[in-house]
Amino acid sequence: MVDRLIYPAYLDSMKTRREGRRVAKKIAVESPTMAEIELAVKKIGYIPEIENEKSYPRQAWERTGRVRVKNSNDSAKNDIVQAVAAYVRAIRNEKNRTD
């Protein structure tokens, strides 16, 4: 049973690769929320567990939280992060269309 961790910094277009962004800028979004990441994890078929009081190790002073992806031993972490990023972008686009 392997769990993967996804921090908002992985998907944040305002961060550089050195600051922790793990996806290309074209699929990253500005300041992704925990709710968006949780919904994206559900959409790709995994069970999310939100941990609000956690901080990204590169920015230990900032409590951004993280999402634990439960039982994700069938996929590589990078594949999950890329899929979550694509879904968060789609969620943002859908939200902007309805506003």
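**A look at unusual backbone geometry**
- Even without being glycine, Ser31 reaches a positive phi, approximately 50 degrees.
- Among the structural elements, Ser31 can be located in the loop between strand 1 (4-6) and helix 1 (34-43).
- One non-glycine residue with positive phi stands out, namely Asn71, at about 50 degrees.
- Tracing the backbone through its elements, the reader meets Asn71 in the loop between strand 3 (66-70) and helix 2 (77-98).

**Structural notes on the environment of Leu11**
- With respect to the secondary-structure elements, Leu11 resides in the loop between strand 1 and helix 1.
- The class of Leu11 is buried, set by a relative accessible area of 1%.

**A closer look at the pattern of salt bridges**
- As enumerated under the stated definition, the model contains seven salt bridges in all.
- Close ionic contact of Lys70 with Asp3 constitutes a salt bridge, the shortest N to O distance being 3.3 Å. Placement of the pair is Lys70 in strand 3 and Asp3 in the segment before strand 1, with a sequence separation of 67 residues.
- According to the relative accessible area criterion, Lys70 is partly exposed, its value standing at 22%.
- Between Glu38 and Lys42 there is a salt bridge, with its nearest N and O atoms 3.9 Å apart.

**Digging into the nonpolar core**
- By size, the foremost hydrophobic cluster in this structure holds 22 residues, and its most contacted members are Ile6, Tyr10, Leu11, Ile37, Val41, Val84 and Val88.
- Among the secondary structure elements, those contributing two or more residues to this core are helix 1, strand 3 and helix 2.
- The element contributing the most residues to this core is helix 2, with six residues.
- Residues in contact with Leu11, not counting those within four places in the same chain, are Val23, Ala28, Val29, Pro32, Ile37, Val81, Val84, Ala85 and Val88.

**A closer look at helix 1**
- Taken as a whole, helix 1 has its buried residues at Met34, Glu36, Ile37, Ala40 and Val41. The arc enclosing the buried residues of helix 1, seen along the axis, measures out at 160 degrees, which places them on a common side.
- Its buried side turned inward, helix 1 meets strand 1, strand 2 (47-51), strand 3 and helix 2.
- Positioned one or two residues after helix 1, Gly45 has a phi angle of 95 degrees, which is positive.

Reading the values: rules and limits
Residues numbered from 1 in each chain as written. Predicted model: local features only at pLDDT ≥ 70, side-chain atom pairs only at ≥ 80, totals over all residues. Heavy atoms only, no water. Helix = DSSP H or I, 4+ residues; strand = E, 2+ residues; numbered from the N terminus. Buried < 20%, exposed > 50% of the residue type's maximum accessible area, 1.4 Å probe, protein only. Salt bridge = Lys/Arg side-chain N within 4 Å of Asp/Glu carboxyl O. Core = buried A, V, L, I, M, F, W, Y, C linked by side-chain atoms within 4.5 Å. Contact = heavy atoms within 4.5 Å. Arc of directions from axis to C-beta.

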